[in-house]
Amino acid sequence: MPASPEASAARTLALLYSTVAERPVLAALWAIEKEIGASLRSGLDHQVAHSRLAWWREECTRCAAGQPLHPLTRSLRAALPPGATGALGGLTGLVDAAAWDLAAATFGTRRELRAYCERWAGAVIAPLLELAAPAAPSATARELGAALRELELLAHLARDARAGRLRLPLDELAALRAEPAAVARPPWPPPLAARLRERHQELRAALGAAVRSLTPAVQPALRGLLVWAALACAHSRRAAQRLPAAPAGSDHHSPLDAWRAWRAARRADAGRLAL
């Protein structure tokens, strides 16, 4: 699925402010994610989509083993030093997420949604941390990535629901007495809006804690990732303020986001970014 306008803007600015070593890794990972996600495009034969995902699963495994075939996975492998390729073992997480979305599977519990986001984190965030901070605990990549990914999902909650992809756990909806169909039709009822506001706050707190766990010496090397996280928090605050309405587009906020990205990059360079 294509990213929301705000998510796309955040990624563009993150790439702009990424370090020389970080930029090709980010660019390759996002390009691979986009190519795998093309298996979900509307009108594509279901069998063809499954065949594409099966090939990409094999290619991600080959990439982790040092035998990539596709130009994008070759670029990713080449962008990482020989000693920093261990985290590519999680690259198949992008295929797992796409397969889940292709099946329009629902999350029965928050644990299932968390596992989905962690698989994405293992594919996209873990290689970045291994590149810049190989001594960082694996939990840092997992916590940072899972929160970042769920914030991206919340940014286009209604759109995904209309496409049959429900990004909220069924047990939580049941507890709120909210029908799954209501997710696709904002403005959302007060109990659901309150839960979404609470979830935005929880995810921003988790993202902030993960960033605080990065030492000042490590932050400059992760400048692009930290800009991405800072913008995700800003977009989350705006989305929470708009509730019960769905998030708006980003055009009106583009200049402000550019300034936020610059400020986050400066603070990351100084090793003192806090969210």
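Below you will find a few notes about this structure.

## Considering the nonpolar core
L76, I125 and W228 are the most contacted members of the largest nonpolar core, which totals 76 residues. Sort the elements by how many residues they give to this core and helix α11 (residues 223-242) lands first, with nine residues. Not counting chain neighbours up to four residues away, the residues in contact with L76 comprise V25, A28, L29, I32, C63, L88 and L91. Counting residues in hydrophobic clusters, the runner-up holds seven residues, among them A97, F107, C117 and A146.

## Remarks on the side chain of R167
Within the secondary structure layout, R167 lies in the loop between α8 (157-162) and α9 (170-176). On the accessibility criterion, R167 (3% relative accessible area) is buried. Looking at R167, its side chain comes within polar contact range of the side chain of Y116, at 3.3 Å. Of the polar contacts made by the side chain of R167, one reaches the side chain of D160; its length is 2.9 Å. Dropping the residues within four chain positions of it, R167 is found in contact with D101, F107, L113, Y116, L153, L157 and D160.

## Some words on helix α3 (residues 46-64)
Given a rise of 1.5 Å per residue, 19 residues ought to cover 27 Å, and the 27 Å separating the end C-alpha atoms of α3 matches this to within 8%. Sitting at the head of α3, D45 places a side-chain oxygen 2.9 Å from the backbone nitrogen of Q47.

## Focus: the layout of surface pockets
Which parts of space are left empty comes out when a probe the size of a water molecule is rolled across the atoms. The computed volume of the second largest pocket comes to approximately 230 Å³. Together, 13 residues line the second largest pocket, and A230, R237, R260, R263 and L275 are the ones closest to its centre. Those elements giving two or more residues to the lining of the second largest pocket turn out to be α11 and α12 (254-269). Along the lines of polarity and charge, the residues of the lining of the second largest pocket split into seven nonpolar, one polar and five charged.

Basis of the calculations
- Residues numbered from 1 in each chain as written.
- Predicted model: local features only at pLDDT ≥ 70, side-chain atom pairs only at ≥ 80, totals over all residues.
- Heavy atoms only, no water.
- Core = buried A, V, L, I, M, F, W, Y, C linked by side-chain atoms within 4.5 Å.
- Buried < 20%, exposed > 50% of the residue type's maximum accessible area, 1.4 Å probe, protein only.
- Helix = DSSP H or I, 4+ residues; strand = E, 2+ residues; numbered from the N terminus.
- Contact = heavy atoms within 4.5 Å.
- Polar contact = N/O pair within 3.5 Å; in protein donor to acceptor, adjacent residues only side chain to side chain.
- Expected span 1.5 Å × (residues − 1).
- 1 Å grid on protein atoms, 1.4 Å probe; cavity = no way out; pocket = protein on both sides within 12 Å on 5 of 7 lines; lining within 4 Å.
- Points joined across faces, edges and corners; volume = space filled by probe spheres on them.
- Nonpolar A, V, L, I, M, F, W, Y, C, P; charged D, E, K, R; others polar.

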